[in-house]
Amino acid sequence: MTTKGKPVKDKHRGKTTRDGIRIHEAADFAGMHKAGELAARILDEVADHVFVGQTTGELDSLIENKVNAAGATSATIGYKGYQHASCISVNHVVCHGIPSDKKLKDGDILNIDVTVVVDGWFGDTSRMYVAGKLSRKAERLIQVTHDSLFKGIEAVKPGNTFGDIGNAIQTYVEAQRMSVVRDFCGHGLGRVFHSPPNVLHYGRAGTGPVLEEGMFFTIEPMVNLGRPETKVLADDWTAVTRDKSLSAQFEHSIGVTSDGCELFTLSPAGRFHPTWR
């Protein structure tokens, strides 16, 4: 799940930077891998259930059942009043789409975002799916969004800055004549859902906090075919593109290592990209 504005500070004991970013110990990586693997595995298993005529509410019920069966906890149920185990954002919904009884139509694209808690650690990831036949413009949007995430990940190593991550994403996306959403961003996580830093998906290289080994955070770019502006609907959750253009998003949870990073939310079945079909 994305964050908007300033995240809640991690109150657990441990070293933090002057920017309030928690530095985790080597042993903490194992907990994050376990939580991330479960979230990713659930999204793998959901893939076969995305089809024309399916409802996002049924997908959410499936996800909740899988979380419970694994003995884990959904981080989103009860979070600021939210009552679902996932956010499912269809077509021009940018993020935080609320599952419902509306049926998927042929050509619909959707982002499914799941966060689980395993032994106190948060695993947060999202990816794109398609119901029926994928249109050419949607296919290109999904590909650019996927690739922009990995452009950002390539910039993650000690000594670089968070601005380097955002700049890598923004530069790539805008070169494809698409736009990066500014209103929502990635976030720190670990034993809390949202903590410093705000991980912007745009910005200037060399700016922002310096990356250090032991930092945990999400990178989750939202890319629009049209303009970057969004608006939040009356339900106070659903964010949509103002120009009603298609939007896509991919998200990984990441830990900074001594020479790069580890991805906590890799797909066990290799289904992170919808072309796995």
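Trainee: Talk me through the confidence of the model for the protein; I want residue IDs and the actual numbers.
Mentor: Put simply, the protein has an average pLDDT of 95, and 95% of its residues get 70 or more. Predicted confidence is poor over residues 6–13, with pLDDT under 50, and the contacts of this stretch with residues over four places away or in other chains come to 19 contacts.

Trainee: Let's hear about unusual backbone geometry: which residues, and what values?
Mentor: Omega for the peptide link from P196 to P197 comes to 10°, which places this bond in the cis form. As for its placement among the helices and strands, P197 is situated in strand β8 (residues 195–199). The phi angle at K80 is positive, at roughly 50°, despite the residue not being glycine. On the secondary structure map, K80 appears in the loop between β1 (73–74) and β2 (87–90). In this structure K80 comes out as exposed when scored by relative accessible area, which is 66%. Positive phi, normally seen in glycine, also occurs at H96, with a value near 60°. By the element assignment, H96 lies in the loop between β3 (93–95) and β4 (109–118).

Trainee: Summarise the layout of surface pockets; cite the residues concerned and give the values.
Mentor: In this approach a probe as big as a water molecule rolls over the atoms, and the regions it shows empty are the leftover space. In this model, the largest pocket occupies a volume close to 300 Å³. In terms of lining residues, the largest pocket is bounded by 18 residues, among which I88, V90, V93, S100 and K102 are the most central. Ranked by the residues each element gives to the lining of the largest pocket, the list is headed by β2, at 3 residues. Tallied by class, the residues present in the lining of the largest pocket amount to 6 nonpolar, 7 polar and 5 charged.

Trainee: How would you sum up the environment of Q249? Please name residues and give values.
Mentor: Tracing the sequence through the fold places Q249 in strand β13 (residues 247–249). For Q249, a relative accessible area of 1% gives the class buried. Sequence separation between Q249 and G123 is 126 residues; the distance between their C-alpha atoms is 17 Å. Beyond its immediate sequence surroundings of up to four residues, Q249 is in contact with T2, V94, C95, N111, S126, R127, M128, T145, E220, P221 and M222. One polar contact links Q249 to E220, side chain to side chain, over a distance of 3.2 Å.

Basis of the calculations
- Each chain has its residues counted from 1, running along the sequence as written.
- Only residues with pLDDT of at least 70 get local features here, since the model is predicted, and only at 80 or more are side-chain atom pairs given and counted; chain-wide, interface and lining totals rely on the full set of residues.
- To obtain the side-chain values, all non-hydrogen atoms of the structure were included, while hydrogens and water were left out.
- You can read pLDDT as the predictor saying how much it trusts each residue, on a scale of 0 to 100.
- Whether two residues are in contact is decided by their heavy atoms, any of which lying within 4.5 Å being enough.
- For helices the rule is a DSSP run of H or I covering at least 4 residues; for strands it is a run of E covering at least 2, with both sets numbered from the N terminus onward.
- Whether a residue is buried, partly exposed or exposed follows from its accessible area with a 1.4 Å probe, protein chains only, as a fraction of its type maximum: under 20%, in between, or over 50%, in that order.
- A pocket, in this scheme, is an open set of points on a 1 Å grid over the protein atoms alone with protein on both sides within 12 Å along at least 5 of 7 lines, while a cavity is a set where a 1.4 Å probe fits but cannot get out; residues line either one if an atom lies within 4 Å of a point.
- Grid points are joined across faces, edges and corners, and a volume is the space filled by probe spheres set on the points.
- Note that Gly is not counted as nonpolar here; it falls among the polar residues with everything else outside the nonpolar set of Ala, Val, Leu, Ile, Met, Phe, Trp, Tyr, Cys and Pro and the charged set of Asp, Glu, Lys and Arg.
- Under this definition, polar contacts are N or O atom pairs within 3.5 Å; protein pairs additionally need one hydrogen-donor-capable and one acceptor-capable atom, and for neighbouring residues in sequence, both atoms have to be side-chain atoms.

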